[in-house]
Amino acid sequence: MLKKLIVPVFILWEKIYSWIYRIRIVDNSPYQLLRIAVHPHKGEPLPLDKDDHVQPGDYVAELHISNIAIARGKVGNVTVASDVHLLPLFRKEMQNLAALIRQGKLDPRVKALWGVTLFGPGVRRLGFSVRPMPPGRNTDRLKNWMTFLRWVFSPPTAKKPSKTSAGRQPMEFWISTQQFTEKYSD
């Protein structure tokens, strides 16, 4: 009952937050699952390969999942009962994003794709480098916030999260645009 009351508030919050931070659905997104915001990187340097790093100030495309799309419980023809059901859909989303990069439809200043997730194993399977966020209050707050959002937007078809899923820590993930387009080339 409580969840039914707060979901509309958080859908509105999601829309306002997206507008403020210029987060938009990726063009031609097959499932409307992947959102993106381009901005200068503010975190620690990220190793791309042996001779290159994303430095603070370099442009990144920050990736987000559309909580609103997941909350519907059905994405395309897939009923979302667990996170694993989303992996094939995200692969299609990644192929679309790689095509946009190759076509020059993403800001050319973008050096890497970057984000924060509780689903480190999943994004690692998608080809991203992953590392835990540094311990501390900010990371604890981020974990609590992301866990809360996951509860708010979990579809009615979703299974209860497992204990290992509930204990996940926030992870930073990234991949260079070059590595990404090579991985997801047609």
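Residues numbered from 1 in each chain as written. Predicted model: local features only at pLDDT ≥ 70, side-chain atom pairs only at ≥ 80, totals over all residues. Heavy atoms only, no water.

**Focus: the overall build of the protein chain**
For step 1, the next point in the chain: Helix and strand content of the protein chain: seven helices and ten strands.
For step 2, the next point in the chain: The buried share of the protein chain, taken over its 186 residues, is 41%.
For step 3, the next point in the chain: Considering only contacts in the protein chain between residues 6 or more positions apart, those separated by 24 or more positions represent 77%. (Helix = DSSP H or I, 4+ residues; strand = E, 2+ residues; numbered from the N terminus. Buried < 20%, exposed > 50% of the residue type's maximum accessible area, 1.4 Å probe, protein only. Contact = heavy atoms within 4.5 Å.)

**Focus: helix α5 (residues 137–153)**
For step 1, the next point in the chain: With 17 residues, α5 should reach 24 Å at 1.5 Å per residue; the first-to-last C-alpha distance of 24 Å fits that figure.
For step 2, the next point in the chain: Among all positions in α5, only T139, K143, M146, L149, V152 and F153 are buried. (Expected span 1.5 Å × (residues − 1).)

**Digging into the environment of S154**
For step 1, the next point in the chain: As for its position among the elements, S154 is in the loop between α5 and α6 (163–166).
For step 2, the next point in the chain: Between the C-alpha atoms of S154 and I68, which are 86 residues apart in sequence, the distance is 9.4 Å.

**Some remarks on the sheet that holds strand β2 (residues 34–40)**
For step 1, the next point in the chain: The six strands lie next to each other as β1-β2-β5-β8-β10-β9, forming an open sheet whose pairing is mixed. Unpaired on one side and paired on the other, β1 (24–25) and β9 (129–132) mark the two borders of the sheet. (Pairing = 2+ DSSP bridges.)

**Thoughts on the nonpolar core**
For step 1, the next point in the chain: Judged by nonpolar contacts, the single largest core of 31 residues is most densely connected at L33, L63, L97, L113, F128 and F180.
For step 2, the next point in the chain: In terms of residue count, the dominant contributor to this core is helix α3 (residues 87–102) (eight residues).
For step 3, the next point in the chain: Among residues more than four places away in sequence, those in contact with F180 are M94, L97, A98, I101, L113, F128 and I175. (Core = buried A, V, L, I, M, F, W, Y, C linked by side-chain atoms within 4.5 Å.)

**Topic: the pattern of salt bridges**
For step 1, the next point in the chain: Under the defined criterion, the tally for this structure stands at six salt bridges.
For step 2, the next point in the chain: Between D27 and R24 there is a salt bridge whose closest N-O contact spans 3.7 Å.
For step 3, the next point in the chain: Relative accessible area serves as the criterion here: at 37%, R24 is assigned to the partly exposed category.
For step 4, the next point in the chain: Through salt bridges with shared partners, one network takes in D52, D58 and K111. (Salt bridge = Lys/Arg side-chain N within 4 Å of Asp/Glu carboxyl O.)

On their own, these measurements won't tell you what the molecule is for.
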